[in-house]
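Descriptive analysis of the structure
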Amino acid sequence: MSDLQVQIFGVKKSAATRAAERFFKERKVKIHMVDLKERPIAKGELARFVQKFGLNALLDLDGKAYAQSNLAYLRTTEDSVIAKVIETPELLKLPLVRAGKVLTVGEDMAGWKAMLDG
């Protein structure tokens, strides 16, 4: 269990990202934090989450960035939405958390606990 490592993809000013960091730190889990403002998520990494949850489940449909992006009104391909998400991480429901093959989206306390048990 002590060798569990989680990767957190988020932005520092996101409350949910900070909640994930705090959750794992309090449980002494090794964290690899990727600030998407400094380093965009790799397309392959994002693809894992898209495969598991579907692209729409990853989008923060209630967020300001989504409203400003006009994505709801654009007829666009999944690839172009993915490109936009990589360049504008605020479009995502953050954080995206990965521990091995276990993935979670957004503030998902139950999912994070499952990572610890898994």
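Further up the page is the structure itself.
Right, let's walk through the structure included here. The structure displayed is predicted, hence computed values, not measured ones.

1. Structural notes on helix α1 (residues 15–26)
Between its terminal C-alpha atoms α1 stretches 16 Å, which fits the 16 Å expected from twelve residues at 1.5 Å a residue. Every buried residue belonging to α1 is among A16, T17, A19, A20, E21, F23 and F24, and all of these are buried. Where α1 is buried, its residues meet β1 (5–10), β2 (30–35), β3 (96–99) and α6 (109–117). Downstream of α1 by a residue or two, K28 has a phi angle that is positive, lying close to 55°.

2. Some remarks on the side chain of T104
Mapped onto the secondary structure, T104 falls in strand β4 (residues 102–105). Take T104: its relative accessible area is 2%, and that puts it in the buried class. Here W112 takes part through its side chain, which lies 3.2 Å from a polar atom of the side chain of T104. What T104 contacts, discounting residues up to four positions off in sequence, is F49, F53, P95, L96, V97, G111, W112 and M115.

Conventions and cut-offs
- Residues numbered from 1 in each chain as written.
- Predicted model: local features only at pLDDT ≥ 70, side-chain atom pairs only at ≥ 80, totals over all residues.
- Heavy atoms only, no water.
- Helix = DSSP H or I, 4+ residues; strand = E, 2+ residues; numbered from the N terminus.
- Expected span 1.5 Å × (residues − 1).
- Buried < 20%, exposed > 50% of the residue type's maximum accessible area, 1.4 Å probe, protein only.
- Contact = heavy atoms within 4.5 Å.
- Polar contact = N/O pair within 3.5 Å; in protein donor to acceptor, adjacent residues only side chain to side chain.

Nothing here speaks to function; it is all geometry.
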